[in-house]
Structures are given as C-alpha cells and as structure tokens.
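Observations on the three-dimensional arrangement
Each chain, letter by letter, is given below.
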Amino acid sequence: MDMELKGRTVLVTGGSSGIGAAIARAYAAEGARVALTYRSGGEDAERLARELGAGRDAAMAVRYSLAEPHTVESAVATVTERWGGVDVLVANAVRWAPRRAPGERFEDVAAGDWRGFLDDNLAPTLRTVQLVVDGMRARSWGRIVLISSHVALDGHRGQEFYGAAKSALHGFARSLAWDVGCDGILVNVVCPGLTATERVLTGLPVEIRERETLLTPTGRLSSPQDVAGAVLFLGSAANSNTTGQTLTVAGGR
Ligand SMILES: NC(=O)c1ccc[n+]([C@@H]2O[C@H](COP(=O)([O-])OP(=O)(O)OC[C@H]3O[C@@H](n4cnc5c(N)ncnc54)[C@H](OP(=O)(O)O)[C@@H]3O)[C@@H](O)[C@H]2O)c1
C-alpha cells in the first residue's frame, strides 16, 4: 500500500523523545520530510534530525514549548517558510503534571496549578491545528493526528486534569472533522495505552509495569513503534476516508 508520504512535510510536536521520536522515524522511513519539535531537549532533537536527514534538508528540529505561545507560532512559520507548508500534523507534545502528593485531595489542587496545566496542554494544541489547516485547505489535502491517552477513555486515579485535557481532543476532532472534511483534511485521535518509552521504563516501578502487562490481552505493553504504526496509517494517504475517529493502541485493553 502506498502511503503517498514521499516528499510530504510532517510536523511532529514533542518529537525529540519517546513516542514522538518513533513517529518521526516512521515518517522519515516513508520518505517524508520531518520537522520534530523539542522544548528542552535540543541536543536530542538535533541528533535525531541529523539521523533522519537534516543534512539533505529532509529533517529539522524546531523549538516548540506549549507554555510559550510565540514558539507555537514560530515553529509552524519556520516549517512553512522552509518547506512550503505542513501536510501532516501529529500533535504529540505534552506537558506532564506533577504527581499529586500521597493524601493530597483532588479538591485541594490549587486553581493556579490545574488551570495552567489545562491551558498549556489544550490551547496550544488547538492553536497549532489552526495554524496548519489554512495551508492544508489551500492544497486540498491534510492529515491531523492528535495523541490522546487511555486515561481519557478509562480514567486513572489522580489524573483528572490530564484526563480532561486529553478527552477534550476527542470532542475537538469530532467537530473539526465536519469543518475540514470536504477540503480533503482528515483528523483523528490515537489513544496509546501505557507505552514502554524510556520515561516509563525508567520512571515507573517494575511491579506496576508487570501488573499492567498481565492485564493486557497481548501480554505486553505497547512500544513507541506500535503507536507510530497507527499514527502513520491515519496520517497518510493509506487513510482515505476515516475521520473524527479514535484508535486505541493498548494491546487490546
Ligand atoms: N508513554 C505513555 O505511556 C503514554 C500513554 C498514553 C499517552 N501518551 C501520550 O503520548 C504522547 C508522548 O508521550 P511520551 O511518553 O512519548 O512523552 P515523553 O517521552 O516525555 O516526550 C514528551 C515530548 O514532549 C515534549 N515536551 C515536554 N514538555 C513540553 C512542553 N511543555 N511543551 C512542548 N513540548 C514538551 C518533550 O520535549 P523535551 O524533552 O525537549 O522537553 C518530548 O519531545 C503524549 O501526548 C502523552 O500524553 C503517552
């Protein structure tokens, strides 16, 4: 199946590590030009961009911080000026919330903390979509993949605000699909389950990973590459008429 990604331009936010890096590699392997964003990991991002072909202008690393609106604008502008536009947007960047202290109650989380968390995760993602849609409409082709989380579908103790930010993406995609569908633009959501990124492998206690594995029909956690495969399909010409949908990549959970 031809995904028709050769020469297409792809913007992967949060592409400097984890799932985003796997997505960037997957698009590059299909011949797309990939812009991957970082917030603090500039060196990692530059290294990955070199691996993916920065030397022949097939990849670039761009700074993009959800908490700094001007970087959202400048990241899209940089890609547009250099490569003529963004054909595929994968909105993957996330600002992680600090875990609540043991015993800290939901109702005691300060408004300043959770409002800032929602503002940072949701508004910049929607703004990024606004910025790329204009060019997609003009070219009558575009693919948008929003990375959500199993937490939006199943819930998870202590993750109310993360769940709120992620589940908003689902409603957003359902409605945006109507606005852009007749212009050749398809917008979908991918929901990873717990995924074996470096952050998860080093930060999550092994007992929790083992418990999660036992609860998974396929008997293993998803890899970043598993998630990238789903994104690649939805964010390519192989996806010809699926929009407003959510695809879960969680080994059957
Ligand atoms: N891993 C999982 O188990 C899992 C499960 C469900 C859903 N997800 C979702 O999958 C996506 C990727 O997660 P991951 O586990 O791969 O995360 P990760 O390894 O921590 O990578 C996060 C990426 O986002 C960037 N980033 C962090 N804070 C940012 C900010 N404030 N503004 C802009 N960029 C920022 C990071 O850049 P720097 O490193 O340069 O700061 C990095 O490129 C997220 O949307 C997450 O919610 C992950």
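The structure reproduced in this document is the subject of the present report. (Residues numbered from 1 in each chain as written. Predicted model: local features only at pLDDT ≥ 70, side-chain atom pairs only at ≥ 80, totals over all residues. Heavy atoms only, no water.)

Okay, helix α1 (residues 18-29) next. With 12 residues, α1 should cover 16 Å at 1.5 Å per step; its first-to-last C-alpha distance of 17 Å lies within 8% of that length. Buried residues dominate α1, accounting for 9 of its 12 residues. If you check which residues of α1 are buried, you get I19, G20, A21, A22, I23, A24, A26, Y27 and A28. After α1 finishes, the residue G31 shows a positive phi value of roughly 90°. (Helix = DSSP H or I, 4+ residues; strand = E, 2+ residues; numbered from the N terminus. Expected span 1.5 Å × (residues − 1). Buried < 20%, exposed > 50% of the residue type's maximum accessible area, 1.4 Å probe, protein only.)

Time to look at the site of the ligand. The full set close to the ligand counts 30 residues, and S16, I19, G41, N92 and Y162 are the nearest of them. Contact distances for the ligand include 3.1 Å between an oxygen atom and a side-chain N or O atom of S17. Within the backbone of V94, an N or O atom sits 2.9 Å from a nitrogen atom of the ligand. Expressed as a share of its isolated accessible area of 890 Å², the protein-covered part of the ligand is 92%. Looking at the shell around the ligand, the elements with two or more residues in it are α1, α6 (160-180) and α7 (198-203). (Near = heavy atom within 4 Å. Polar contact = N/O pair within 3.5 Å; in protein donor to acceptor, adjacent residues only side chain to side chain. Areas by Shrake-Rupley, 256 points an atom, 1.4 Å probe, with all protein chains shown as cover.)

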